[in-house]
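Here's the letter readout for the chains.
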Amino acid sequence: MDFKTIITDVLVIGGGLAGLCASIAAKLRGAEVTLVSKYELGRPSSTFFSVGAFRVITNQYKVNDFIRDTFESGRYINNSKLVEVLAKESIDALHKLKQLGLRFKIYGSTAYVLTHEKITKGASIIKELTETAKTFGIKMVPYAMTLDITSYDEYWVVPIWCWKEDKVLLTVAKAVIIATGGIAGIYQRTTNPPGNIGDGHVLALKAGAKLIDMEFIQFFPFALAEYGVYSFLIPVIEGRIFNDKGENILIKHNITSISKAIERSRDLLSRIMMKEILSSSKDYVLLYVDLDEENVAKELTSHLNIQQPLKVAPAAHFSMGGVLADVHGHTDVPGLFVAGEIMGGIHGANRLASNALTAATVFGFRAGNKATEFIHDIHISIDKFSFQDIVRRVKEILSRCSGTINPQKLRAKLSKYMWLYLGPLRSRDSIQKVKEIIEYIKLERHKIMISTKRDLLNKLELENSLIIATLLAESAYLRRESRGAHFRLDYPEEIRDFVNVITVTKLTKKGKIEVFTARRNSVFGRINGLDNK
């Protein structure tokens, strides 16, 4: 295996919207930027598969309206400073994207990207910004899995495995921006690319940063459930939904408007649909949506070659929790920044519709700008530095195994349990089932067979998935109430005074995770009786 050392001012991990915005911002300020992506540049990002919608302030939709709606959706546990920045800078961020070649049309409080793409409208955003980044001279490394992160004096050493070529880049950077997206890819049903399993969250935790609100996963009610078809989300405005008994679910559960439910309470709609599925006589029974909007129906049926009624079911869509950071995406670890979905605190207990791409853009640009300021007086000298310890650790991480179990089989088992027992409906018993399957898979790991580079990549993703699943299970257990996207069957009510943050503070070398709860305004405090023993 070949090892090569490269030096850069700013290393950006992640090639989605946030990573591209951060890279471009840093480059425009004079920094040398290297961007790495685990898969093909840009394509396997949530933005690529999105509908390309941005929430922005307008003459009719003021800053206070934006802030109010975001807090209401987040059930009032959002970070107020982050929300204020998001609202005030939403339209400026859109103008920056326009300057980079994108075009938009604003309807009400939402700006939609103008594109010829029929289904994956966000693809045009990623394609345009990726080409712009290349034009600006940003070094881009595809098919690159970040293995570890270590701080030395004033700079970072980050080993990156280029898994298609089977070589390792020992990357030395003055600042690191992690923009690897969310964690919804650990679920069996997800609108996310399967690689979105929390690689960046694990890296940040290893580097000493803290994670918050990991229990909050948003489930989009209408995602395709057609056999052999990607779980595209369907931007329904209005329609009719029927269960396997022919009952109209909207009438049955007193839902008057799909569009309002999608925008403000998609968590409630997802729970209703999940209950309908679980109460079906067939465990694979899905729901059908009869779309009234002919244009959407025609696009779906023609592009995907499917017929109405469309089979749909909820799918893990967005993770509100993530890395604790300030308004510039700077964590409490000097020189380590985050941007995009990985950044915790913006959305509280549930994200408001169309806030995802706005947040990725606003805080992507901010992180890139601040990282460039941070590195101003840092000078890298590695002449006398030895990478022997890192090389030895990397060789251990990338060692092959001659077992009998395909790592994908174990990952599939984990994702199935996450969907069934830590999905839209949760309880103490269901959370315990997830913990048990995690322990079972940990015991089975020594039997993994690694004969190809892809097997090894799958094994690395499985390791990160196990850590993320543990964090999610522990956080969900500690939140003994229902709030936003987190619903406990055994604690079905929102507790007004339980405005706590559940924080992951440490991941030890032996894999032990420390989680505790604290008041929202005192992240580092403790509340007696709620600590995870």
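So, here's what we can say about the structure. (Residues numbered from 1 in each chain as written. Predicted model: local features only at pLDDT ≥ 70, side-chain atom pairs only at ≥ 80, totals over all residues. Heavy atoms only, no water.)

1. A short note on the sheet that holds strand E5 (residues 110–113)
Part 1 of the reasoning: Overall, antiparallel pairing links the three strands, which are arranged E3-E5-E4 in an open sheet. Two strands lie at the open edges of the sheet, namely strand E3 (53–55) and strand E4 (104–107), each paired on one side alone. Across the sheet, the mean angle separating the axes of adjacent strands is 25 degrees when strand polarity is ignored. (Pairing = 2+ DSSP bridges. Helix = DSSP H or I, 4+ residues; strand = E, 2+ residues; numbered from the N terminus. Axes fitted to C-alpha atoms, helices over the stretch in contact; angles between N-to-C directions.)

2. Details of the side chain of Arg483
Part 1 of the reasoning: Within the element layout of this structure, Arg483 appears in the loop between helix H15 (453–478) and strand E18 (500–507).
Part 2 of the reasoning: In this structure Arg483 comes out as buried when scored by relative accessible area, which is 2%.
Part 3 of the reasoning: Excluding anything up to four places from it in sequence, Arg483 contacts Arg75, Ile77, Phe216, Ala349, Glu494, Ile495, Arg496, Phe498 and Val499. (Buried < 20%, exposed > 50% of the residue type's maximum accessible area, 1.4 Å probe, protein only. Contact = heavy atoms within 4.5 Å.)

3. Concerning the environment of Pro194
Part 1 of the reasoning: Tracing the sequence through the fold places Pro194 in the loop between strand E10 (167–178) and helix H6 (199–207).
Part 2 of the reasoning: Residue Pro194 is classed as exposed on the basis of its relative accessible area, which comes to 56%.
Part 3 of the reasoning: For the pair Pro194 and Glu461, spaced 267 residues apart in the sequence, the C-alpha separation amounts to 9.8 Å.
Part 4 of the reasoning: Not counting residues within four places of it along the chain, the set of residues in contact with Pro194 comprises Gly185 and Arg411.

4. Quick look at the pattern of salt bridges
Part 1 of the reasoning: What the rule picks out here adds up to 31 salt bridges.
Part 2 of the reasoning: Two residues, Arg68 and Asp69, come together in a salt bridge whose shortest N-O distance is 3.0 Å.
Part 3 of the reasoning: In this structure, the salt-bridge partner of Glu463 is Arg445, at a minimum N-O distance of 2.7 Å. Taken together, the residues Glu463 in helix H15 and Arg445 in the loop between helix H14 (428–444) and H15 connect sequence positions 18 residues apart.
Part 4 of the reasoning: With a relative accessible area of 22%, Glu463 lands in the partly exposed category.
Part 5 of the reasoning: What makes Arg445 partly exposed here is its relative accessible area of 29%.
Part 6 of the reasoning: One connected set of salt bridges, linked through shared partners, spans Arg75, Glu215, Arg479, Glu481, Arg483 and Glu494. (Salt bridge = Lys/Arg side-chain N within 4 Å of Asp/Glu carboxyl O.)

5. A closer look at the packing of helix H1 (residues 17–28) against helix H11 (residues 355–374)
Part 1 of the reasoning: As a packed pair, H1 and H11 sit with axes 7 Å apart at the nearest point and diverge in direction by 35 degrees. Classified by chirality, the crossing of H11 by H1 is right-handed. For the pair H1 and H11, the contacting residues are Leu17, Ala18, Cys21, Ala22, Ala25 and Ala26 in the first and Leu357, Ala360, Thr361, Gly364, Phe365, Gly368, Asn369 and Thr372 in the second. (Left-handed = near helix turned anticlockwise from the far one by under 90°.)

Bear in mind that shape data such as this cannot, by itself, settle questions of function.
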